[in-house]
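# Fold and geometry: a report
The chain contents come next:
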Amino acid sequence: MRRDPSNPLLLTPGPVSISMTTKRVMLTDRASGGVEFQADLQFARDYMVGLVGGRGDYTAVPLPGSATYANEAVIAALVPVGGKLLIHTNGVYGDRLIEICAHTGKSYGAIRTPPFTPATAAQFEAAIEADPAITHVMIVHCETSTGVLNPLEAVADVCRRHGKGLLIDAVASFGAFDIDAKRLGFQAVTVSSNKCMQAAPGIGWSVVQKTALENAKGNHSTLALDLWDQNQHMDRTAAFRFTPPTQVLAAFAQACREHQAEGGAPARFRRYSRNWRRLVDGMRQLGFVTVVPDEFASPIVATFHNPAHPAFSFERLFEGMKKRGFIIFPGRLALANTFRIGCMGDVVEADMADAVSAVAESMEEMGVVGLGRTELAMSG
Ligand SMILES: *Cc1c(COP(=O)(O)O)cnc(C)c1O
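## Details of the domain arrangement of the protein
- For the protein, the assigned domains read domain 1 (9-16 + 264-365) and domain 2 (24-262).
- On a C-alpha basis, the centres of domain 1 and domain 2 stand 27 Å from each other.
- With 28 residues of domain 1 in contact, the opposing surface of domain 2 contributes 29 residues.
- For the pair domain 1 and domain 2, the summed buried surface comes to about 2,300 Å²; carbon and sulfur atoms form 61% of the total.
- Our enumeration of links across domain 1 and domain 2 arrives at two salt bridges.
- R271 is the salt-bridge partner of E262, the closest N and O atoms lying 2.6 Å from each other.
- Run the count over domain 1 and domain 2 and you get 11 residue pairs in polar contact (both at pLDDT 80 or more).
- Looking at the side of domain 1 that touches domain 2, its residues break down into 18 nonpolar, five polar and five charged.

## Thoughts on the packing of aromatic side chains
- Evaluated as defined, the whole model comprises 11 aromatic pairs.
- On the basis of an interplanar angle of 50° and a centroid distance of 6.2 Å, the ring pair of F314 and F318 is categorised as tilted. Of this pair, F314 and F318 both sit in helix α12 (residues 314-323), separated by four residues, roughly a single helical turn.
- Take F314: its relative accessible area is 10%, and that puts it in the buried class.
- An aromatic cluster is present here, built from F288, F304, F312, F314, F318 and F339 joined pairwise through their rings.
- The side chain of K195 reaches across the aromatic face of Y93, ending 5.2 Å from its centre.

## Focus: the sheet that holds strand β5 (residues 136-140)
- One open sheet holds the seven strands; their spatial order is β2-β10-β9-β8-β5-β3-β4, and the pairing between them is mixed. Two strands lie at the open edges of the sheet, namely β2 (58-64) and β4 (108-112), each paired on one side alone. Neighbour to neighbour, the strand axes of the sheet diverge by 20° on average, direction disregarded.
- Across five bridges, strand β3 (residues 85-89) lies against β4 in parallel orientation. When the sheet's bridge partners are listed, I87 is paired in β4 with A110.
- Each of β3, β4, β5 and β8 (165-169) touches helix α4 (residues 92-104); the most contacted strand, β3, lies at about 150° to it.

## Observations regarding the nonpolar core
- In this structure, F174, I179 and F186 are the most contacted members of the largest nonpolar core, which totals 57 residues.
- In terms of residues, this core owes the most to one element, helix α2 (residues 35-51), which gives six residues.
- The residues that make up this core include at least three from each of domain 1 (9-16 + 264-365) and domain 2 (24-262).
- Setting aside its immediate chain neighbours within four residues, F174 contacts M48, L51, V52, I179, V189, V191, C196, M197 and V207.
- The next biggest cluster of nonpolar side chains, apart from the first, holds 27 residues, and it includes M283, F288, I341 and V368.

## Overview of the pairing of strand β10 (residues 203-209)
- The element β10 is extensively covered by neighbouring structure, given that six of its seven residues are classed as buried.
- Bridge count for β2 against β10 is seven bridges, and the pairing is antiparallel. Residue pairing in the sheet places A60 in a bridge with V207 of β10.
- Judged from the five bridges that link them, strand β9 (residues 188-192) and β10 form a sheet pairing that is antiparallel. Considered in β10, the bridge of A188 is made with V208.

So, how was this worked out
- Residues numbered from 1 in each chain as written.
- Predicted model: local features only at pLDDT ≥ 70, side-chain atom pairs only at ≥ 80, totals over all residues.
- Heavy atoms only, no water.
- Domains from an automatic or database assignment.
- Contact = heavy atoms within 4.5 Å.
- Buried area = accessible area lost by both parts, 1.4 Å probe.
- Salt bridge = Lys/Arg side-chain N within 4 Å of Asp/Glu carboxyl O.
- Polar contact = N/O pair within 3.5 Å; in protein donor to acceptor, adjacent residues only side chain to side chain.
- Nonpolar A, V, L, I, M, F, W, Y, C, P; charged D, E, K, R; others polar.
- Phe/Tyr/Trp six-rings, centres within 6.5 Å; stacked < 30°, edge-to-face > 60°.
- Helix = DSSP H or I, 4+ residues; strand = E, 2+ residues; numbered from the N terminus.
- Buried < 20%, exposed > 50% of the residue type's maximum accessible area, 1.4 Å probe, protein only.
- Lys NZ or Arg CZ within 6 Å of the ring centre and 35° of its normal.
- Pairing = 2+ DSSP bridges.
- Axes fitted to C-alpha atoms, helices over the stretch in contact; angles between N-to-C directions.
- Core = buried A, V, L, I, M, F, W, Y, C linked by side-chain atoms within 4.5 Å.

Next comes the structure, spelled out in structure tokens:
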């Protein structure tokens with residue numbers, strides 16, 4: 001199927017493509033005070049809390065901005081003065097959490113593990129035991145820079161046994177993975193309005209344990225990102241403190257309805273898994289090699305080695321894909337010779353089949369033809 005290159009399908013780790021029905025909601029000018037806005041806000045907040053099974057004990061707080069704003073707000077609020085955050089990183093997004101602490105002056109420690117495998121619970125246990133000052137632990141659930149899925153349940157278990165507060169960057173997993181508040185006992189998860197929730201980018205969500213947030217009262221050196229204040233204001237007035245992203249919020253409520261209609265997180269997980277399977281199988285047939293072992297890979301994005309063929313260039317593959325209506329993404333980390341194709345968003349298996357055909361055509365166009373697996377082996 002030919003796609004319209006001026007309206008491309010985003011096969012990237014974010015922003016992701018969203019449905020026409022969600023986009024259409026944004027065509028109306030929307031006031032910040034009306035009953036419609038209030039109803040959308042209440043519904044969306046309640047839906048987010050419901051997704052983690054946290055009704056009663058948790059609250060969902062939207063802040064205008066990307067998901068990094070939510071990460072910064074959560075760290076600023078929940079790690080108290082005198083507290084210390086243990087951050088795990090095996091990629092770009094773990095590194096960004098460290099940067100947030102460095103910028104906000106929060107005391108932190110870091111465990112760095114290799115990029116293509118998940119961390120182990122034992123590594124967290126050792127780090128916690130080695131440093132009694134640690135009060136909180138933060139983990140990136142799905143590390144989007146590689147696609148590696150980190151062991152949430154095992155880390156939650158370590159935190160519970162040691163009495164540490166758990167903060168989760170679930171930006172690339174929330175909405176497609178089972179993230180259960182009662183089982184994990186987390187203090188906060190952070191979420192993007194885009195990615196697996198499939199609404200427009202522009203809201204950084206946090207779903208926070210009410211007791212933890214209550215303890216954060218006044219624990220702020222920032223006005224706009226004050227999570228406690230944003231939450232209490234919303235609870236009292238059903239409004240944002242400052243000009244809300246009204247269209248984006250309305251689209252978010254619509255995206256929640258579509259999430260629900262699809263069958264919630266389990267259905268979305270199955271669809272993304274089918275996308276990922278079709279993509280990876282198709283790319284392997286063309287001779288591409290994945291970077292992350294399948295057992296550690298999450299179905300939201302796949303990372304491929306650039307083929308060693310002299311005629312291959314990622315820029316030309318990117319242009320070839322773009323002209324055929326697909327946007328793909330270069331590698332991150334120190335992963336110079338890799339590229340990524342995302343499986344999230346309003347994307348189905350047939351789109352992935354088309355994308356693989358577009359890769360085959362683009363490869364032929366650049367003169368990388370008739371090659372088997374061995375000749376296309378990774379360039380390292
Ligand atoms: C996308 C993403 C973020 C936040 O990125 P923003 O550009 O601020 O939206 C954080 N963590 C993970 C795991 C992500 O995938």
